[in-house]
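Next come the chains, spelled out residue by residue.
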Amino acid sequence: MSRTGLLAALVASVILSAGSAMAQEQPAGAAPAIEAPTPAAPAAPAPSAPAPAAPAVAPPAMMAPSQPGTQPATMELTLPHDLSPWGMFMAADVVVKAVMIGLAFASLVTWTIWLAKSLEIFGGKLRIQRAVRAIGEAATLKQASRTLDRSGGPGTLLVRAAEEETALSAGALDHVPGDGLKERVTSRLSRIEAAAARRMSRGTGVLATIGSTAPFVGLFGTVWGIMNAFIGISQAQTTNLAVVAPGIAEALLATAMGLVAAIPAVVIYNVFARSIAGYRQILADASAGVERLVSRDLDFRTVAPAAALAAE
């Protein structure tokens, strides 16, 4: 009995301990069963959890369009509205404006000289060619003088100078040969020829000066404008193109104006140099024709008395 009671007590204790253990496990297992619906209740907030994540991703997408929207606003505040040459000139620095005005005046002087000198060279060539034809067709110096009496120009001056020198030497021609007269006539003709060429070349030195200095003047304006642009960058503490672009554009405009003034000046100077060289050749032809007339008159002056003596 004692063993049976002891065994029964042991079995009862084991059953009681197992029941208590099951009783303790049931709340733990029931809790998840009860909590399972609770997550289903916050199912509505559950999608809201990704909703905050969506704005976290959305700001970059929203910033992308916002940046182009804000950039034009900044450019409108800093960039001038008129980027035409006149607008850049009006927005330029005082020194850059002075450079541009000087280059514009130099360009105006270039084209004025081109117009005036072209007409002068054209008219001078016509007059001297007419004189060369008259001198070549004349048989004596007096005939050439009568033909060119009413026409002006260097050709008439050449013929008159030869006549004057011949008249001054007329008293000595009966006693001395005419070599001295030829030398004096040649000397006077060469001086008239040089004076006519120098008068025709007047004004071309200005073209040479403009052509050689205008690029450097424009470069000075460029350097000054870029220096002001960098000063503006340092003051604004930004390298934004809206800050750099106006100063660089004004500087490049000064360079462009320097080239606009220099290139035509150089081209026109070279054209005038060739034209004046051709004019000098025509003057030389006229001077040579006058010398031939003087030499012919001297020969006939000595032949005429001999023919008269032979006739007697």
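Residues numbered from 1 in each chain as written. Predicted model: local features only at pLDDT ≥ 70, side-chain atom pairs only at ≥ 80, totals over all residues. Heavy atoms only, no water.

We now examine the packing of aromatic side chains. All told, the structure shown has two aromatic pairs when counted by the stated rule. Seen from their ring centres, Trp-111 and Trp-114 are 5.8 Å apart, and the 80° between their planes marks the pair as edge-to-face. Residue Trp-111 and its partner Trp-114 are both found in helix α6 (residues 94-137); the two are separated by three residues, about one turn of the helix. Residue classification places Trp-111 among the partly exposed residues on the basis of a relative accessible area of 43%. (Phe/Tyr/Trp six-rings, centres within 6.5 Å; stacked < 30°, edge-to-face > 60°. Helix = DSSP H or I, 4+ residues; strand = E, 2+ residues; numbered from the N terminus. Buried < 20%, exposed > 50% of the residue type's maximum accessible area, 1.4 Å probe, protein only.)

Attention shifts here to the pattern of salt bridges. Think of it this way: side chains of opposite charge can pair up when their charged atoms draw near. If you walk through the whole model with that rule in mind, you get four salt bridges. Notably, a salt bridge pairs Glu-164 with Arg-188, separated by 3.0 Å at the nearest N-O pair. Remark: Arg-188 occurs in helix α9 (residues 179-200) and Glu-164 occurs in helix α8 (residues 154-168); sequence separation between them is 24 residues. In this structure, Arg-188 and Glu-165 form a salt bridge, with 3.4 Å as the shortest nitrogen-oxygen distance. You can see Arg-188 sitting in helix α9 and its partner Glu-165 sitting in helix α8, a full 23 residues away along the chain. Via salt bridges that share partners, Glu-164, Glu-165, Arg-184 and Arg-188 belong to a single interconnected network. (Salt bridge = Lys/Arg side-chain N within 4 Å of Asp/Glu carboxyl O.)

As a further point, take the side chain of Ser-287. Along the polypeptide, Ser-287 turns up in helix α11 (residues 241-311). If sequence neighbours within four positions are ignored, Ser-287 has contacts with Leu-158, Leu-189 and Glu-193. (Contact = heavy atoms within 4.5 Å.)

What tends to happen in soluble globular proteins is that the nonpolar side chains get buried as a cluster. Formed by 33 residues in total, the largest nonpolar core has its most connected members in Ile-128, Ile-135, Leu-141, Val-159, Val-290 and Val-294. Secondary-structure elements contributing two or more residues to this core are α6, α7 (141-147), α8, α9 and α11. When residues of this core are assigned to their parent elements, the largest contribution, 11 residues, is made by α11. The contact partners of Val-294, leaving out residues within four places of it in the chain, are Leu-141, Ala-162, Leu-181 and Val-185. Core analysis: the second largest hydrophobic core is formed by eight residues, Val-99, Ala-214, Ala-262 and Ala-265 among them. (Core = buried A, V, L, I, M, F, W, Y, C linked by side-chain atoms within 4.5 Å.)

Fair warning: the whole summary comes from geometry, so function is off the table for now.
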